[in-house]
Amino acid sequence: MEKFGGVSKSRTHKSLLGMEVRRSKKMPVWAFLSLVTNALLIAAIAQMLARGHNITESSTESAAVAGGTEELISSVTATNSAKTLLDVPVPGQRHKWTYQEWVMQLGREAEAVAANRPPKLSVLAGDSLSMWFPAKMLPPDRIWLNQGISGETSVGLLKRLQLLDRTAPDTVFVMIGINDLLRGATDEGILDNQRQIIRDLRWAHPKAQVVVQSILPHSGEQATWENRDRLLAIPNSRIRSINRRLKEIASSENVLYLDLQPLFADADGNLPIELSTDGLHLNDRGYLVWRSGLQMFAQMQLKH
């Protein structure tokens with residue numbers, strides 16, 4: 001990466017906006033969640049309009065809180081990182097940064113947050129899937145520090161966890177592993193690194209809740225990613241097997257596990273192409289599904 005249940009019977013229901021919605025008996029879970037979340041977002045916008053507010057100004061609490069570290073970061077560097085401001089990768093100087101330059105930038109951002117720690121701080125730690133999570137789409141009930149780097153592996157993430165030592169986060173969400181697979185790493189190697197990442201986080205942040213997220217599947221034959229052959233060499237059945245063992249590790253290490261597989265897999269166990277840009281990375285619809293998963297998980301599992 002160099003970048004719950006279902007609805008049975010066909011039945012007509014009233015949506016949150018009073019519109020009739022026909023649910024097919026095979027409606028995917030991700031589609032239902034996306035529909036409900038979109039309805040809530042539209043209802044919120046309609047309410048703002050009814051109050052006579054400008055949408056851009058009124059959405060500050062949601063969009064800016066989701067990317068709430070930006071003001072803190074700006075005190076350290078004149079320009080915020082592109083990944084916390086933009087929805088998709090764009091050409092530019094920062095997009096051309098080397099891995100080490102990104103590590104240095106994320107270190108500066110972490111230091112800025114540590115110097116003026118916000119409440120309900122959550123960290124996204126991972127690769128480009130986390131890196132390109134649109135700030136405006138992250139759950140707005142907490143402040144997010146995005147520590148994702150394109151192409152990151154479990155080895156690289158483990159080495160740079162020290163950047164977070166002074167941030168004192170309330171929650172750390174980890175998703176890592178697909179790049180390890182693409183580079184030929186063994187299942188045992190990936191799982192051992194995941195275990196070390198968990199232990200490092202628990203040692204450095206004893207009061208934080210650590211959430212290990214499952215590795216997402218890919219779209220199989222429908223993938224169009226530039227290194228498609230490498231992707232197809234990794235069967236999604238292998239990813240599911242690793243995730244089952246990862247869940248066991250999370251339980252044994254007394255941390256939380258967020259299983260995203262039910263939200264991101266179709267009947268064949270593949271990532272629905274409707275949620276992806278290329279069969280590997282997510283589009284806005286995919287991030288909306290991830291957001292829904294994070295919100296449901298927070299309501300049911302997180303203490304803060």
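Residues numbered from 1 in each chain as written. Predicted model: local features only at pLDDT ≥ 70, side-chain atom pairs only at ≥ 80, totals over all residues. Heavy atoms only, no water.

Undergrad: Lay out the pairing of strand β5 (residues 171-175) in plain terms, naming residues and giving numbers.
TA: Counting buried residues along β5, five of its five residues qualify, which places the element largely inside the surrounding structure. Taking every second residue as pointing to the same face, both faces of β5 are buried, with T171, F173 and M175 on one and V172 and V174 on the other. Relative to strand β6 (residues 209-213), β5 runs parallel, the two sharing four bridges. Each bridged residue has a counterpart across the sheet, and for V174 the counterpart in β6 is V212. (Buried < 20%, exposed > 50% of the residue type's maximum accessible area, 1.4 Å probe, protein only. Helix = DSSP H or I, 4+ residues; strand = E, 2+ residues; numbered from the N terminus. Pairing = 2+ DSSP bridges.)

Undergrad: Please provide a residue-by-residue account of the packing of aromatic side chains, values included.
TA: This model, assessed by the stated rule, comprises five aromatic pairs. Summarising the aromatic geometry, the rings of W97 and W102 are spaced 5.1 Å apart at their centres and angled 70 degrees between planes, so their arrangement reads as edge-to-face. Since its relative accessible area comes to 18%, W97 is described here as buried. Residue classification places W102 among the buried positions, given a relative accessible area of 7%. Their ring planes at 50 degrees and their centres at 4.8 Å tell us that F133 and Y287 sit as a pair that is tilted. Highlighted residues: F133 in the loop between α7 (128-131) and β4 (143-148) and Y287 in helix α14 (residues 284-301), separated in sequence by 154 residues. (Phe/Tyr/Trp six-rings, centres within 6.5 Å; stacked < 30°, edge-to-face > 60°.)

Undergrad: Please give an account of unusual backbone geometry that cites residues and values.
TA: The phi torsion at K120 lies on the positive side, around 50 degrees, for a residue other than glycine. Looking at where K120 falls in the secondary structure, it is placed in the loop between α6 (99-115) and β3 (121-126). A positive phi angle, near 50 degrees, is found at A168, a position not held by glycine. Within the fold, A168 resides in the loop between α8 (154-160) and β5. In this structure A168 comes out as partly exposed when scored by relative accessible area, which is 40%.

Undergrad: So, the packing of helix α10 (residues 187-204) against helix α12 (residues 236-252): which residues are in play, and what are the values?
TA: The N-to-C vectors of α10 and α12 enclose an angle of 30 degrees; their axes lie 10 Å apart at closest approach. Pair α10 / α12 crosses with right-handed handedness. Contact residues: D187, E188, I190, L191, Q194, R195 and I198 in α10; R238, I242, R245, L246, I249 and A250 in α12. Of the residues assigned to the contact of α10 with α12, the class counts are seven nonpolar, one polar and five charged. (Axes fitted to C-alpha atoms, helices over the stretch in contact; angles between N-to-C directions. Left-handed = near helix turned anticlockwise from the far one by under 90°. Contact = heavy atoms within 4.5 Å. Nonpolar A, V, L, I, M, F, W, Y, C, P; charged D, E, K, R; others polar.)

Undergrad: Break down the pattern of salt bridges for me, citing the residues and quoting the values.
TA: In the structure shown here, the tally under the stated rule is nine salt bridges. Of the charged contacts, one joins D192 and R195 as a salt bridge, the two residues approaching to 3.8 Å between their closest N and O atoms. A residue pair is termed a helical-turn pair when its members lie 3 or 4 positions apart in one helix, as D192 and R195 do in helix α10 at three residues. For D192, a relative accessible area of 36% translates into the label partly exposed. (Salt bridge = Lys/Arg side-chain N within 4 Å of Asp/Glu carboxyl O.)

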